[in-house]
Every structure is written in C-alpha cells, then in structure tokens.
Amino acid sequence: MGDWEWPLILFTVLGQIAIGIILMLWWLARNRNLNIQLFKRGVHVSGGLLLIALLASLFHLGHPEAAYRALAHLGSSWLSREILFFLLTFLAWIYLFRLSRQQTSSHTLGSGASIITTAETAAGGQPTSNLSLGLGITSLLGLLGIASSAMIYVLPRVPAWNNGGPVLFFLLTTGLLGALCTLVLGGNLLQTAQKKLLLQVSLGCTIFSLILSVIYGSMLSASMEGAASLNYLLSSPLFWVRALVSWLAPLLLLVIILKSPDLGKKNLILTVTLLVGLGEILGRALFYLSATGIQITALF
C-alpha cells in the first residue's frame, strides 16, 4: 500500500477549496448578485489557500528548485499540464486581487445598486464585465488544473486509480467545499436565495459523492488488485470516520439547515464545513494509502 502524502494532500485539498470559492463567486457574479465585500473576502481567502497549496506541492518533489523543468513535457505529461494550469490560475488570481483592491464601494452587484471602481463605473445594477470575466477565466483555468491533477493518477499500474474516479472525486471536492466555504465567508452578505443555492449545491455534491463511492467500491471488487485496495479501505478505521464526518453527519445537518426558515444557522453551517473539510483530508489520505505510492521524479 501507499504512504501518507501530506504535501499532496494539502496541495490537492487546499487548491480545490480555493478554486471552488472562485467558482462560486463567479456563479453569483453572473447572476448579478455578488456582494463586493464577499468578493473581496473570497478573493483574499482563495489566494491565500492557493499559495499555500502551491508551496506544499514543492515539498513532494525530489528537487523543488528544478520544478520549472516539468513544463518541458506539456505534450505528454499531465504533471506538466497541472503545473501550467495552476500557475496560470495564480496569475489570473493576481488580476482578481487587483480588482478587489480597486473597489471603493461596498455596494452589491445587483438590482438597484452600483459599484464604483477607480478604473471604471458600472451603473444601473450591472456587474462590471472585467470582474465577471476575471472570475470566469480563473475558474476555468483552475478546473483544468484540477482535472490535470486527477489525470496524473489514472494509471494502469494502479488498479484503484485507473478509472474516472479521481477526476470525479476531485471535482466534487471542489464544488462541495467551495460552496460551504463561500457560505461561511458570506454570512449575512448573502441573500436567502443565494444561501439556499449554495446549500443545495453542498447537499447534491454530498449525495453524489456517497453514491459514487459505492459505485467505485463495486468497480474495485472486480479485480484481485482492486479488491485488495477495497479490503484495505473497509478495514481501516479512517474510512468509517470519513464516512461519518463526510457523508452521514453532513447529510443530516444540511437537511436541517435547508428546512430552517431563514437558513441562518451559522454555527451549523460552520460545523458542516469543518466536518466535511476533515472528511476530505481523511479521504485524500486514504486515496494515497490505498495504492502504490508515486514518487514524482520525472524532472530528471
């Protein structure tokens, strides 16, 4: 079996949270209901998480100082594409940070309000095209980076990974933790309809993750090597802790919150976010422990 790969756990989980937040901000912006204070808060937090993720990834390389050499294999290496897309994502985030610094008003990008920047004025309740476009491009680059990360693990020599599972699970983490963290960051800045939408996204991702995990387990049992990985997972206490904090408890709490008239149960939302965050870390650890570890030495 593999090893705990803490640099990769931090890189993948934190990177996916960062992209998830930006993706949710873009969705709110395209519907012309993005509060500018939430935009600023989301951009700052996502940038910090993305920077930590990128720094953590360097600790997995045998020679971090030569990481740039991986870009020489874009035509054949998913690792090279991952590095490229995440670097482009960070550059796009810098543009978002610049936009957030230009904002001089705390109005909402929505009906009956306007937002004033030092560069331009958007009146009549229309969101600035630069902001919406910047969030959209950053989201797209980030999702391509996440998909590239997942494709690194789709390997014939690792039966537990040689399927569409890594891509789907990585994208689900992005949507789930992105929506939950946006809820936590938004607080009272979010409208009731926005909170409901983000909670529904969170609930949908949780249900889909549970169903996909069952299907994934049945696929593993079809081969001797996959069955060994499945037996390892089911015999590990970490798996059952993960099942409790990632699926069962969040499902119950999200249903309770959605049934609340004002959807304003801040403590429950924070609790769900922390539980799911812990569960995703445990799930990612099990992902690396359930298969032969990969040492990234392609730079030399």
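Residues numbered from 1 in each chain as written. Predicted model: local features only at pLDDT ≥ 70, side-chain atom pairs only at ≥ 80, totals over all residues. Heavy atoms only, no water.

### Some words on the overall build of the protein chain
Item 1. Helices and strands together make up the secondary structure of the protein chain, namely 9 helices and 4 strands.
Item 2. The N-to-C order of helical and strand elements in the protein chain reads α-β-α-α-β-β-β-α-α-α-α-α-α.
Item 3. Residues classed as buried in the protein chain amount to 53% of the 300 residues present.
Item 4. Surface accessibility of the protein chain: about 13,500 Å² in total, with carbon and sulfur atoms responsible for 68%. (Helix = DSSP H or I, 4+ residues; strand = E, 2+ residues; numbered from the N terminus. Buried < 20%, exposed > 50% of the residue type's maximum accessible area, 1.4 Å probe, protein only. Areas by Shrake-Rupley, 256 points an atom, 1.4 Å probe, with all protein chains shown as cover.)

### Regarding the side chain of Lys 195
Item 1. Inspection of the secondary structure assignment puts Lys 195 in helix α6 (residues 192-220).
Item 2. Its relative accessible area of 13% is what places Lys 195 among the buried residues.
Item 3. With near-sequence residues (within four places) excluded, Lys 195 lies in contact with Leu 183, Gly 187, Asn 188, Leu 190, Leu 263 and Gly 264. (Contact = heavy atoms within 4.5 Å.)

### Overview of a nonpolar patch on the surface
Item 1. On the surface, Ile 207, Phe 208, Ile 211, Ile 215 and Met 219 cluster together into a nonpolar patch covering about 450 Å² of accessible area.
Item 2. Looking at the secondary structure, you find Ile 207 in helix α6. (Patch = residues over 30% accessible without salt bridge, like charges linked within 9 Å, V, L, I, M, F, W, Y side chains within 5 Å. Salt bridge = Lys/Arg side-chain N within 4 Å of Asp/Glu carboxyl O.)

### Examining the environment of Leu 234
Item 1. By secondary structure assignment, the location of Leu 234 is in helix α7 (residues 224-235).
Item 2. With a relative accessible area of 38%, Leu 234 lands in the partly exposed category.
Item 3. Taking the C-alpha atoms as reference points, Leu 234 and Gly 217, separated by 17 residues in sequence, lie 9.5 Å from one another.
Item 4. Every residue in contact with Leu 234, bar those within four places of it in the chain, is listed here: Phe 239 and Trp 240.

### Here's the deal with the confidence of the model for the protein chain
Item 1. Mean pLDDT for the protein chain: 83, with 82% of residues reaching 70 or above.
Item 2. Here strand β3 (residues 115-116) is the element of the protein chain with the lowest mean pLDDT, 35, and helix α5 (residues 165-186) is the one with the highest, 95.
Item 3. Confidence over residues 292-300 falls short of pLDDT 50; this stretch has 24 contacts with residues more than four positions distant or in other chains. (pLDDT = per-residue confidence, 0-100.)

### Points about the pattern of salt bridges
Item 1. As enumerated under the stated definition, the model contains 1 salt bridge in all.
Item 2. In this structure, the salt-bridge partner of Arg 242 is Glu 280, at a minimum N-O distance of 3.5 Å. Placement of Arg 242 in helix α8 (residues 237-259) and of Glu 280 in helix α9 (residues 266-289) is noted, with a sequence separation of 38 residues between them. Of the two residues, Arg 242 and Glu 280, both sit in the buried class.

### Thoughts on the nonpolar core
Item 1. Counting 72 residues, the largest nonpolar core has Ile 17, Leu 34, Phe 39, Leu 131, Leu 135, Tyr 153 and Trp 161 as the members making the most contacts within it.
Item 2. Top contributing element to this core by residue count: helix α1 (residues 6-30), with 14 residues.
Item 3. Residues in contact with Phe 39, not counting those within four places in the same chain, are Leu 25, Leu 34, Leu 96, Leu 99, Ser 100, Leu 131 and Leu 135. (Core = buried A, V, L, I, M, F, W, Y, C linked by side-chain atoms within 4.5 Å.)

### Observations regarding the packing of aromatic side chains
Item 1. Here the structure, examined in full by the defined rule, presents 12 aromatic pairs.
Item 2. With 5.6 Å between their ring centres and 20 degrees between their planes, Phe 90 and Trp 93 make a pair best called stacked. Of this pair, Phe 90 and Trp 93 both sit in helix α3 (residues 78-102), separated by 3 residues, roughly a single helical turn.
Item 3. Here Trp 93 falls in the buried class, since its relative accessible area comes to 11%.
Item 4. Ring pairs connect the aromatic residues Tyr 153, Phe 170, Phe 287 and Tyr 288, which therefore count as one cluster. (Phe/Tyr/Trp six-rings, centres within 6.5 Å; stacked < 30°, edge-to-face > 60°.)

### A closer look at the side chain of Arg 242
Item 1. You can call Arg 242 buried: its relative accessible area is 11%.
Item 2. Setting aside its immediate chain neighbours within four residues, Arg 242 contacts Ser 209, Trp 247, Gly 279, Glu 280, Leu 282 and Gly 283.

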